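Tertiary structure, described
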Amino acid sequence: MIVLGIETSCDETAVSVCKDGEILSNIINSQTIHSEYGGVVPEIASREHEKMLNIIANKAIIDSKIRINDIEGIAVTNGPGLAGALLTGVSFAKGLALGLRAKIISINHLEAHIIANLLGRSDIDFPFLCLLVSGGHTQIWLINKLGDYSLLGETRDDAAGEAFDKGARILGLGYPGGPEIEKYAIGGNNKLIDFPRALSDNGKIEFSFSGLKTSLLYFMDSFEESPSISFKDVVASYQSAIIDSLINKIKLAIKITGINTIAIAGGVAKNSELRRQLKTITIAKKIIFPDLNYCTDNAAMISYLGEIKFNLGKKSNIDFGIMPNFQI
Ligand code: KG4
Ligand code: ZN
């Protein structure tokens, strides 16, 4: 089956074509305009999606070498995300589905991030644990099988991606903060500053990152580079505090559930230090690393999950709405 997937929940305009489980095209336009503001401006994001959607969809169709009339189903993110941004994608998808007389299905963005782990792989057995770490979410899920997920725990306040983004702003680095922090941390001594790892010993699967960001803010107030502490050391120590918190709770989730296959998902899953540290968890039997192209927001994960759902006989009525606060 040929499915066109559309993703516009935040600041990526993305369209992909999936055929029989294979991604034929995966086009993403990341809106760089937000870097001027240090974060995503919702109104601007919607306007940019509106401008780019048709161009990106055309490119995805051309790249996939299908004809537009071959599209049998349209899958589109309807939440969670920014309301205006979601509306642009959903409206575009509905128009296209009606015009092509194709089926349509709404997709939960978080479920798509998790299921991106299965993309292009046949060696993944259920159940597994999934650390979902994006700009808006930090959660540990138990994935029993397709469509059967239990939330084991999540952040009380900021998400891990937010800790990267807000930390980068305090450090005077660019947006998005994750890749910037990863870059500036290289060669730094990550043990030099002892930033807090909140809730690490409380025995519960939960995270908190808001205190960490405040502690960086206070630290930077009086920080001056010296031969004993460089800027890189600060960045590396801050990155380590985020990653240690994630690793601590993954270990706890393995102990509590007895499940020792782990997957990661979401933008922060791109982080190479996180990937390196995950490999050191001795009680983990198998660690699934999603393809780097499918970690940050993309439409491949939407078209892929859409096709799975269509094949299970699922579809949406054309009058479905957006769900900005959608949980799985
Ligand atoms: O999944 P995603 O693209 O969008 C949401 O659904 O939120 O995640 C975006 C987040 C941002 O906070 C960004 O700073 C973070 O992922 N991110 C990273 C890296 N690349 C993106 N964080 C750490 N290291 C990275 N290499
Ligand atoms: Zn995302």
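Note: the structure precedes this text.
Residues numbered from 1 in each chain as written. Chains lettered and ligands numbered in written order. Predicted model: local features only at pLDDT ≥ 70, side-chain atom pairs only at ≥ 80, totals over all residues. Heavy atoms only, no water.

Examining the nonpolar core
Ranked by internal contacts, the top residues of the largest apolar core, which has 45 residues, are I242 and L246. Once you skip the residues sitting within four places of it in the chain, I242 turns out to touch A160, A163, F164, F209 and L212. Core analysis: the next-biggest nonpolar cluster, separate from the first, contains 32 residues, I105, A112, A265 and L305 among them. (Core = buried A, V, L, I, M, F, W, Y, C linked by side-chain atoms within 4.5 Å. Buried < 20%, exposed > 50% of the residue type's maximum accessible area, 1.4 Å probe, protein only. Contact = heavy atoms within 4.5 Å.)

Here's the deal with the pairing of strand β1 (residues 2–7)
Counting buried residues along β1, six of its six residues qualify, which places the element largely inside the surrounding structure. Here β1 shows a buried face lined by I2, L4 and I6 and a second buried face lined by V3, G5 and E7. Relative to strand β2 (residues 12–19), β1 runs antiparallel, the two sharing six bridges. Looking at the pairing, G5 lines up with S16 of β2. Between β1 and β2, which pair antiparallel one after the other, the connecting turn spans four residues. (Helix = DSSP H or I, 4+ residues; strand = E, 2+ residues; numbered from the N terminus. Pairing = 2+ DSSP bridges.)

Some thoughts on helix α6 (residues 210–221)
Its twelve residues place the ends of α6 17 Å apart at the C-alpha level, agreeing with the 16 Å of an ideal helix rising 1.5 Å per residue. Those residues of α6 lying buried are L212, K213, S215 and L216. Here the buried residues of α6 occupy an arc of 160 degrees about the axis, which is enough to place them on one side. Looking at α6, the residues exposed on the side facing more than 90 degrees away from the buried face are Y218 and D221. Where the residues of α6 are buried, they touch α4 (160–170) and α7 (231–257). (Expected span 1.5 Å × (residues − 1). Arc of directions from axis to C-beta.)

Some thoughts on the site of ligand 1
In the vicinity of ligand 1 lie 21 residues, with G135, D165, G178, E182 and D297 positioned nearest. Between ligand 1 and G178 there is a distance of 3.0 Å, counted from an oxygen atom to a backbone nitrogen or oxygen. Notes on ligand 1: free accessible area 550 Å², of which the protein chains cover 90%. Elements that contribute at least two residues to the shell around ligand 1 include exactly α3 (109–115), α4 and α5 (177–185). No other element matches the four residues that α5 contributes to the shell around ligand 1. Split into classes, the residues belonging to the shell around ligand 1 amount to five nonpolar, twelve polar and four charged. (Near = heavy atom within 4 Å. Polar contact = N/O pair within 3.5 Å; in protein donor to acceptor, adjacent residues only side chain to side chain. Areas by Shrake-Rupley, 256 points an atom, 1.4 Å probe, with all protein chains shown as cover. Nonpolar A, V, L, I, M, F, W, Y, C, P; charged D, E, K, R; others polar.)

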